[in-house]
Amino acid sequence: MKRIFGTIVLFIVVNLANAQSDKYTSAMSKQIATMENGYQNGDFTPAANSFERIAQAEKEQWLPYYYAAYCYVMQAYMDKDNSKKDAIADKADSLIRRAEVLAGGENSEICVIKSMIASAHMMVDPQSRWMQYGPASSAQIEKAKQLDPTNPRPVYLEAQSKFYTPEQFGGGKSVAAPLFEKSIAMFDTFQPKSSLHPTWGKRAAEYFLAQCK
């Protein structure tokens, strides 16, 4: 009798766990698709808020915090009011650090977001902030490459950095173009660890490569 009761309890627990996992996957898939709207309308805040709500419900998952941080740093990039960028980037920083704790430490994708956050701070006043945030952003790109040499996103960010760097300082379109081409080739072969893991970046790399020609 005890064995039958135990089997029933185990069956219920397994089914509840599967239902919870399916609910998480469904919610994340929906928001990742919705996040695409941010590229079109220039507003990533709704997607960021949604990922934060998922993170509050799924307290052991690092990807909701990752995507919330990504949305905030993209918002910092796109906001035309420089007086708001630091606060938005700080919000992204707090979220990616939470993701790092839940992920058990840094990984390549987390380092990519950290690089973007440093760049967002630098964008407020590039001339006066380059010395502080430029090396910080580059260091995170290099760390991201080391942690996963197959990840195309650090190569894409490196190309983007060269694109915006004046030629007299080692940048320019002719320097950026081969890096964009390399990242696009890497995007074509990159295998994310799951359907929820990051895949963004290829379309942006293709856009910038077209601007180089």
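Model, not experiment: these values are computed from the prediction. (Residues numbered from 1 in each chain as written. Predicted model: local features only at pLDDT ≥ 70, side-chain atom pairs only at ≥ 80, totals over all residues. Heavy atoms only, no water.)

**Student:** Quick rundown of the overall build of the protein chain? Include the residues and the values.
**Tutor:** Along its length, the protein chain carries nine helices and zero strands. In the protein chain, the succession of helices and strands from N to C terminus is α-α-α-α-α-α-α-α-α. Overall, the C-alpha framework of the protein chain stretches about 80 × 40 × 30 Å when taken along its three principal axes. Across the 213 residues that make up the protein chain, the buried fraction comes to 44%. (Helix = DSSP H or I, 4+ residues; strand = E, 2+ residues; numbered from the N terminus. Buried < 20%, exposed > 50% of the residue type's maximum accessible area, 1.4 Å probe, protein only.)

**Student:** Before we move on, can you summarise the confidence of the model for the protein chain with the specific residues and values?
**Tutor:** On average, the protein chain scores 91 in pLDDT, and the residues at 70 or more come to 91%. Overall, residues 8-17 carries pLDDT values under 50, and its contacts beyond four positions in sequence, including any with other chains, amount to zero contacts. (pLDDT = per-residue confidence, 0-100. Contact = heavy atoms within 4.5 Å.)

**Student:** Requested: an account of helix H7 (residues 152-164), with residues and values cited.
**Tutor:** Here H7 contains 13 residues, and its C-alpha end-to-end distance of 19 Å stays within 8% of the 18 Å for a straight helix at 1.5 Å per residue. Counted residue by residue, H7 has ten buried out of 13 residues, so it is predominantly covered. The elements touched by buried residues of H7 are helix H5 (108-123), helix H6 (126-147), helix H8 (173-189) and helix H9 (202-211). Here H7 starts with a cap whose side-chain oxygen sits 3.0 Å from the backbone nitrogen of Arg153, and that cap is Asn151. (Expected span 1.5 Å × (residues − 1). Polar contact = N/O pair within 3.5 Å; in protein donor to acceptor, adjacent residues only side chain to side chain.)

**Student:** Residues and numbers for the pattern of salt bridges, please.
**Tutor:** Note that side chains of opposite charge can pair when their charged atoms are close. Counted under the stated rule, the structure contains eleven salt bridges. Ionic pairing is found between Lys143 and Glu106, a salt bridge with its closest N-O pair at 3.2 Å. Taken together, the positions of Lys143 in helix H6 and Glu106 in the loop between helix H4 (82-103) and H5 put the pair 37 residues apart, joining distant regions of the chain. Residue class for Glu106 comes out partly exposed when judged on its relative accessible area of 28%. For the salt bridge of Lys145 with Glu158, the shortest nitrogen-to-oxygen distance reads 2.6 Å. (Salt bridge = Lys/Arg side-chain N within 4 Å of Asp/Glu carboxyl O.)

**Student:** Any details on the environment of Tyr164? Residues and values, ideally.
**Tutor:** Structurally, Tyr164 can be placed in helix H7. When its relative accessible area of 57% is taken as the criterion, Tyr164 is described as exposed.

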